Amino acid sequence: AQVSMNLLNYRVTSLKTVFDAICREADKFEIKPKYSELIGMLPKAALGDISPDELLLHDFSESRILENHFK
(Lines give C-alpha, C1' and ligand atoms only; values in the text may rest on other atoms or scores of the structure.)
Protein backbone atom coordinates (compact mmCIF):
# COMPACT_ATOMS: atom_id res chain seq x y z
CA ALA A 1 0.00 0.00 0.00
CA GLN A 2 1.09 3.57 -0.54
CA VAL A 3 -0.09 6.74 1.13
CA SER A 4 0.48 9.94 -0.84
CA MET A 5 -0.28 13.44 0.33
CA ASN A 6 0.63 17.08 0.11
CA LEU A 7 1.37 18.69 3.46
CA LEU A 8 0.49 22.34 3.09
CA ASN A 9 1.32 23.74 6.52
CA TYR A 10 3.87 21.89 8.65
CA ARG A 11 3.35 24.49 11.40
CA VAL A 12 -0.23 23.26 11.85
CA THR A 13 0.41 19.56 11.22
CA SER A 14 3.99 18.39 11.69
CA LEU A 15 5.68 15.70 9.65
CA LYS A 16 5.92 13.63 12.83
CA THR A 17 2.17 13.97 13.44
CA VAL A 18 1.40 12.75 9.92
CA PHE A 19 3.93 9.92 10.10
CA ASP A 20 2.64 8.74 13.49
CA ALA A 21 -0.99 8.83 12.30
CA ILE A 22 -0.15 6.72 9.25
CA CYS A 23 1.78 4.25 11.42
CA ARG A 24 -1.19 3.94 13.81
CA GLU A 25 -3.57 3.24 10.94
CA ALA A 26 -1.18 0.73 9.36
CA ASP A 27 -0.78 -1.02 12.70
CA LYS A 28 -4.51 -1.77 12.70
CA PHE A 29 -3.79 -4.03 9.72
CA GLU A 30 -0.55 -5.35 11.24
CA ILE A 31 1.48 -3.45 8.66
CA LYS A 32 4.70 -1.57 9.36
CA PRO A 33 6.02 1.11 7.00
CA LYS A 34 9.29 0.26 5.29
CA TYR A 35 10.16 3.83 4.41
CA SER A 36 8.77 7.25 3.67
CA GLU A 37 9.64 9.43 0.73
CA LEU A 38 9.99 13.14 0.16
CA ILE A 39 9.29 14.39 -3.33
CA GLY A 40 11.03 17.70 -3.83
CA MET A 41 12.36 19.78 -0.96
CA LEU A 42 11.25 21.02 2.43
CA PRO A 43 12.11 23.93 4.72
CA LYS A 44 14.56 22.98 7.47
CA ALA A 45 11.99 24.02 10.10
CA ALA A 46 9.61 21.34 8.80
CA LEU A 47 11.87 18.69 10.29
CA GLY A 48 11.85 20.45 13.65
CA ASP A 49 13.74 18.37 16.18
CA ILE A 50 13.11 15.05 14.45
CA SER A 51 15.70 13.30 12.32
CA PRO A 52 14.97 12.03 8.82
CA ASP A 53 15.76 8.53 10.11
CA GLU A 54 12.89 8.74 12.61
CA LEU A 55 10.56 9.37 9.68
CA LEU A 56 12.14 6.50 7.73
CA LEU A 57 12.89 8.99 4.96
CA HIS A 58 14.34 7.07 2.04
CA ASP A 59 17.29 8.59 0.19
CA PHE A 60 17.28 11.82 2.20
CA SER A 61 20.20 14.24 1.95
CA GLU A 62 20.95 17.82 2.95
CA SER A 63 20.27 18.83 -0.67
CA ARG A 64 16.57 18.22 0.04
CA ILE A 65 16.52 21.14 2.50
CA LEU A 66 15.24 24.25 0.75
CA GLU A 67 17.50 26.76 2.53
CA ASN A 68 20.62 24.91 1.36
CA HIS A 69 19.92 26.16 -2.15
CA PHE A 70 20.05 29.83 -1.16
CA LYS A 71 23.58 30.04 0.26
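Shown above is the structure to which this text applies.
(A) Main features of unusual backbone geometry. The backbone of glutamate 30 sits at a positive phi, close to 60°, despite the residue not being glycine. Mapping glutamate 30 onto the fold places it in the loop between α1 (15-27) and α2 (44-47). Even without being a glycine, leucine 56 presents a positive backbone phi close to 55°. Among the residues examined, leucine 56 registers a relative accessible area of 31% and is labelled partly exposed.

(B) Expanded view of the nonpolar core. In this structure, Phe19, Leu38, Leu42, Ala46, Leu47, Ile50, Leu55, Leu57 and Ile65 together form the largest nonpolar core, which totals nine residues. Discounting chain neighbours no more than four positions away, the residues touching phenylalanine 19 are Pro33, Ser36, Glu54, Leu55 and Leu56.

(C) Seen up close, the pattern of salt bridges. Scanning the model with the defined rule gives three salt bridges in all. Ionic pairing is found between aspartate 20 and lysine 16, a salt bridge with its closest N-O pair at 2.9 Å. Here the residue aspartate 20 and the residue lysine 16 both occupy positions in helix α1, the gap between them amounting to four residues, near one helical turn. The exposure class of lysine 16 is partly exposed, given its relative accessible area of 32%. The partner of lysine 32 in a salt bridge is aspartate 27, with the nearest N and O atoms 3.3 Å apart. What makes lysine 32 exposed here is its relative accessible area of 63%.

(D) Spotlight on the side chain of serine 36. Within the secondary structure layout, serine 36 lies in the loop between α1 and α2. A polar atom in the side chain of serine 36 sits 2.4 Å from the backbone oxygen of leucine 55. A polar atom in the side chain of serine 36 sits 3.4 Å from the backbone nitrogen of leucine 57. Residues contacting serine 36, with those up to four places away along its chain left out, are Phe19, Leu55, Leu56, Leu57 and His58.

Reading the values: rules and limits
- Residues numbered from 1 in each chain as written.
- Predicted model: local features only at pLDDT ≥ 70, side-chain atom pairs only at ≥ 80, totals over all residues.
- Heavy atoms only, no water.
- Helix = DSSP H or I, 4+ residues; strand = E, 2+ residues; numbered from the N terminus.
- Buried < 20%, exposed > 50% of the residue type's maximum accessible area, 1.4 Å probe, protein only.
- Core = buried A, V, L, I, M, F, W, Y, C linked by side-chain atoms within 4.5 Å.
- Contact = heavy atoms within 4.5 Å.
- Salt bridge = Lys/Arg side-chain N within 4 Å of Asp/Glu carboxyl O.
- Polar contact = N/O pair within 3.5 Å; in protein donor to acceptor, adjacent residues only side chain to side chain.

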